[in-house]
Amino acid sequence: MKNLFITLNNGSRMPLQGFGTLQLKDPTVCEECIYEAIKAGNRMLDTAPAYFNEEAVGRGIARAIAEGIVTREELFIVTKLWIQDTPRELVRGAALESMRKLQVEYLDLYLIHQPYGSYLESWPVMEELVREGKIRNIGVCNFSETKLKELQEIATIIPAVNQIEIHPYFLHKELREYMREQNISPMAWAPLFEGQRNIFANEEFKTIGAKYGKSAAQVILRWHFQNGVPTIPKTVHPEYMKENLDIFDFELTEEEMQTINGYDLGYSEIIDHKYPLTEKWLTEWKIHE
């Protein structure tokens, strides 16, 4: 079996596939999904205060650890800093509160969730938390090349990860090329395009999958894997959790990889972070009093 990890710019290893929790707001459902995801073999779990489910994620993790399914050290736990908490004086408290809710003593990866707010104030505090051992790796989400360069100018620790939208319909080519040059790893949110454009019924993806006895979803996740892009697909179905991880016994040809690349639109159909109203909408979204 090939290497199932990617090495980050500080030498840490991050799994090439994890489990996403966006929209898992029902606490009981979320806790069960985390538990089942770990049972299925997932070792990277991605959440955020803005998802309102960190406590449920923490309970699922604690249950799996208590039952001996996994140890804390085997897990790679990711959470984020919301815009509201980016001012310097709020960062440490926000990070510690996430750890409390997740029932962990340290975070494997802590990300600035959006490229808005006082994130240039946040970064030095996040670096302090790394030096104190409370956070292993730090990074960002949804940062453009311009925003990354701005952050790099004040950083003593270069972001390990930029979690961005990547799927066959949006390759994010130019940004990923810059990140490659800077040794900043991508992590794909919406790796299956949230099921849009009837992606799972795409005839070319299904035809490729039929050749290997795989589904269209497995073909897309394998495409990510061969591109070295970590993914965090979400599902509430245990059978799909297992299916999403069953992508390591086949390999797409270069022609098949190019076929999938050919669907790139060159832009997002989910969210445009350069659109002024996006910044207004997200900045006004408060996750606590």
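Placed above this text is the structure.
Residues numbered from 1 in each chain as written. Predicted model: local features only at pLDDT ≥ 70, side-chain atom pairs only at ≥ 80, totals over all residues. Heavy atoms only, no water.

Points about the pattern of salt bridges
- Tallying each qualifying case throughout the model produces 18 salt bridges.
- Note that Asp246 is salt-bridged to Lys214, the shortest N-O span being 3.2 Å. You can see Asp246 sitting in the loop between helix H9 (238-245) and helix H10 (254-261) and its partner Lys214 sitting in the loop between helix H7 (203-212) and helix H8 (216-226), a full 32 residues away along the chain.
- Overall, the relative accessible area of 12% leaves Lys214 in the buried class.
- The shortest N-O distance in the salt bridge between Glu284 and Lys280 comes to 3.0 Å.
- Look at the salt bridges and you will find they share partners, linking Arg92, Glu128, Glu132 and Lys134 into a network. (Salt bridge = Lys/Arg side-chain N within 4 Å of Asp/Glu carboxyl O. Helix = DSSP H or I, 4+ residues; strand = E, 2+ residues; numbered from the N terminus. Buried < 20%, exposed > 50% of the residue type's maximum accessible area, 1.4 Å probe, protein only.)

Some remarks on the packing of helix H3 (residues 88-102) against helix H4 (residues 119-131)
- Direction vectors running N to C along H3 and H4 enclose 40°, while the axes themselves pass 8 Å from each other. One way to sum up the angle between H3 and H4 is to call them oblique. Between H3 and H4 lies a crossing of right-handed hand. Residues Arg88, Val91, Arg92 and Ala95 of H3 form the contact with H4, whose own contacting residues are Glu121, Ser122, Pro124, Val125, Met126, Glu128 and Leu129.
- Here the contact of H3 with H4 is built from residues that sort into six nonpolar, one polar and four charged. (Axes fitted to C-alpha atoms, helices over the stretch in contact; angles between N-to-C directions. Parallel < 35°, antiparallel > 145°, perpendicular 65-115°, else oblique. Left-handed = near helix turned anticlockwise from the far one by under 90°. Contact = heavy atoms within 4.5 Å. Nonpolar A, V, L, I, M, F, W, Y, C, P; charged D, E, K, R; others polar.)

A closer look at the packing of aromatic side chains
- Going through the model one piece at a time under the given rule, you end up with eight aromatic pairs.
- Seen in terms of ring centroids, Tyr169 and Tyr263 are 5.6 Å apart; in terms of plane orientation they differ by 70°. Their pairing is edge-to-face. Of the two residues, Tyr169 is situated in the loop between strand S8 (161-165) and helix H6 (173-182) and Tyr263 in the loop between H10 and helix H11 (276-283); the sequence distance between them amounts to 94 residues. Take Tyr169 and Tyr263: they sit in the same class, and that class is buried.
- Taken together, Tyr169, Phe193, Phe205 and Tyr263 form an aromatic cluster joined through their ring pairs.
- Above the plane of the ring of Tyr35 lies Arg63, whose end atom (NZ or CZ) is 3.6 Å from the centre.
- Over the ring of Tyr106 we find Arg72, and its NZ or CZ is 3.9 Å from the ring centre. (Phe/Tyr/Trp six-rings, centres within 6.5 Å; stacked < 30°, edge-to-face > 60°. Lys NZ or Arg CZ within 6 Å of the ring centre and 35° of its normal.)

A closer look at the environment of Glu89
- Here Glu89 lies in helix H3.
- Along the backbone, Glu89 and Lys280 are 191 residues apart, and their C-alpha atoms lie at a distance of 22 Å.

Structural notes on the environment of Leu129
- For Leu129, the position within the fold is in helix H4.
- Put simply, Leu129 and Tyr106 are 23 residues apart on the chain and 9.5 Å apart in space, counted from C-alpha to C-alpha.
- The residues touching Leu129, leaving out its near neighbours within four places in the chain, are Arg92, Ala95, Lys134 and Ile135.

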